[in-house]
Each structure stands twice: as C-alpha cells, then as structure tokens.
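Architecture and fold: a report
Here are the chains, one letter per residue:
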Amino acid sequence: TGTNLTGASLDGNLQAGISATGGTVVNDTQITALFTVGLGASLGSQTIIVTTAAGASNGVGFKVNLPLPPTLTGASPNVGVQGTSLKVSLTGTNLLGSSAISAGPGITVSNLAIVSSTQVTATFTIGAGVATGSQNVTIVTPGGTSLPIGFTINQPLPALTNINPVAGVQGGSVNVTLTGTNLTGATAISAGSGITVSNLVAVNGTQVTASFVIGAG
C-alpha cells in the first residue's frame, strides 16, 4: 500500500530469487501480486519498490526466511527385502528442495525425484546383509532434516529346488538334504500328514538337512 500507485509496476524491481505474478493495481493506494520466493533467494530483508510513469517509489521491506523444516508421514511401500531394489514414494510436508534421503546402513538411495511439496520418490537398493527389522528414513531439504519414519527390512522368502533322496518307505526313517535359496535360519519343515520332521540343521543359505520319520499308515 502507499500513494500515487495508479499505473504502478513491479517489473524489474524484484531482487534475485523473487518473482511476481498477477500484479494488479487495485486503486491509487493499493497494488496486489503473488510473490514466488525461490530456494536461492537471499535470506533476510529484501527491498520492494514499484515504478510508475513518475518514477520509482521508495523501498519497503520484505523478509525472506528459511523454508519450514520437512516432515515425513509415510512411505509406500514401507517394506523391502534384503538384496533387492525398489521404488519408494515418500509423503510429508515442505519437501521442495529435497537433496538427500537416508534410509539406514546398507541401503543406497538413488534417483531422488521431487514430485511436489508433499511427495518425493527414490530408489532404495537394499544390501543382502542389511539388518532385518525397522530402519530409520529421513530427508534433507534447505529447511533442515526431518524426523525419522520407519521402513521395515525382511529376509527374502526361501525357495526349494531339490530334495535328496526323493522317496521314503512307510514306517521308516530317512535323512534328507534339501537345497534351494535363502535357507539361512530355517526353523521348520513341513513334509505332509503323517511325517514327523526332526534334527533340522541349516547348513548354509542353500542347504538344510533333516530326518523324516514316516508313519506306518
């Protein structure tokens, strides 16, 4: 607001990083506009002037503050598997200018893309040896670092490819070797009705052994 603003313009009068759209002279004492403050605008007080046919006005102060700190409210998906990569969408507030995401030890984050002030996407590459359970995910913007949200790491599902021997006799017992993938930490084997499994040993990630006791009937 001021005086003698008829015909006033902001064009060329704003400092670096600040732009104005929709400049409208309401009357001789008021002009309105939408200011867009870029992330590179200088912090602190900026001087705003307008010009008319009579010349340039005196300056008034407009303060540029740091952006608000980011917050994270969710991740989709919020679960990943050891030894895999997946695209994750993070939602929250004040995410413009996001420059880095931390997802915990052993998780590499790449392809960070800012969708909007409330959403970013990125690729999480989860190392095979990453600890299972909840990991902390945070994001960095010019406003600071967010508080963490949880992202859960699971072991990959086991897969069986072979059993040796492939047959047993009713009423007998047989020691078997199962081979496959992701067998580390195997805790149980189901072999069907009437077959009791004991002496389970997880030899390594690709082999387990056990005793099958086959019922007589």
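Calculation criteria
- Residues numbered from 1 in each chain as written.
- Predicted model: local features only at pLDDT ≥ 70, side-chain atom pairs only at ≥ 80, totals over all residues.
- Heavy atoms only, no water.
- Phe/Tyr/Trp six-rings, centres within 6.5 Å; stacked < 30°, edge-to-face > 60°.
- Helix = DSSP H or I, 4+ residues; strand = E, 2+ residues; numbered from the N terminus.
- Buried < 20%, exposed > 50% of the residue type's maximum accessible area, 1.4 Å probe, protein only.
- Pairing = 2+ DSSP bridges.
- Contact = heavy atoms within 4.5 Å.
- Axes fitted to C-alpha atoms, helices over the stretch in contact; angles between N-to-C directions.
- Core = buried A, V, L, I, M, F, W, Y, C linked by side-chain atoms within 4.5 Å.

On to the packing of aromatic side chains, then. What the rule picks out here adds up to two aromatic pairs. Seen in terms of ring centroids, F35 and F62 are 5.2 Å apart; in terms of plane orientation they differ by 70 degrees. Their pairing is edge-to-face. Of the two residues, F35 is situated in strand β2 (residues 30-37) and F62 in strand β6 (residues 60-64); the sequence distance between them amounts to 27 residues. For F35, a relative accessible area of 24% corresponds to the partly exposed category.

In this sheet, β2 lies alongside strand β1 (residues 18-27) in antiparallel orientation, the contact comprising seven bridges. Residue pairing in the sheet places N27 in a bridge with Q30 of β2.

With that settled, the discussion passes to the environment of V25. Mapping V25 onto the fold places it in strand β1. Each residue touching V25, except ones within four places of it in the same chain, is listed here: L5, T6, G7, A8, Q30 and I31.

Looking now at the sheet that holds strand β11 (residues 107-116). Here we have four strands laid out as an open sheet, ordered β7-β9-β12-β11, and antiparallel in their pairing. The two strands at the open ends of the sheet, each matched to only one other strand, are β7 (71-76) and β11. The mean angle between the axes of side-by-side strands here comes to 25 degrees, regardless of whether they run parallel or antiparallel. Judged from the seven bridges that link them, strand β9 (residues 85-93) and strand β12 (residues 119-126) form a sheet pairing that is antiparallel. Of the residues in β12, the one forming a bridge with K87 is T123.

What follows concerns the nonpolar core. The nonpolar side chains of a soluble globular protein tend to be buried, and buried together. In this structure, L90, I101, F124, V137 and F151 are the most contacted members of the largest nonpolar core, which totals 19 residues. Secondary-structure elements contributing two or more residues to this core are β7, β9, β12, β13 (133-141) and β15 (149-154). Residue contacts for F151: discarding those within four places in its chain leaves P77, N78, V79, G80, L86, V88, F124, I126, G133, S134, Q135 and V137. Formed by nine residues, the second largest nonpolar core is a distinct cluster that contains L10, L14, I18 and A41.

Attention now goes to the side chain of T138. In this structure, T138 sits in strand β13. By relative accessible area, which is 17% here, T138 ends up buried. Setting aside chain neighbours within four positions, we find T138 in contact with L72, A100, I101, S102, T145, S146, L147 and P148.

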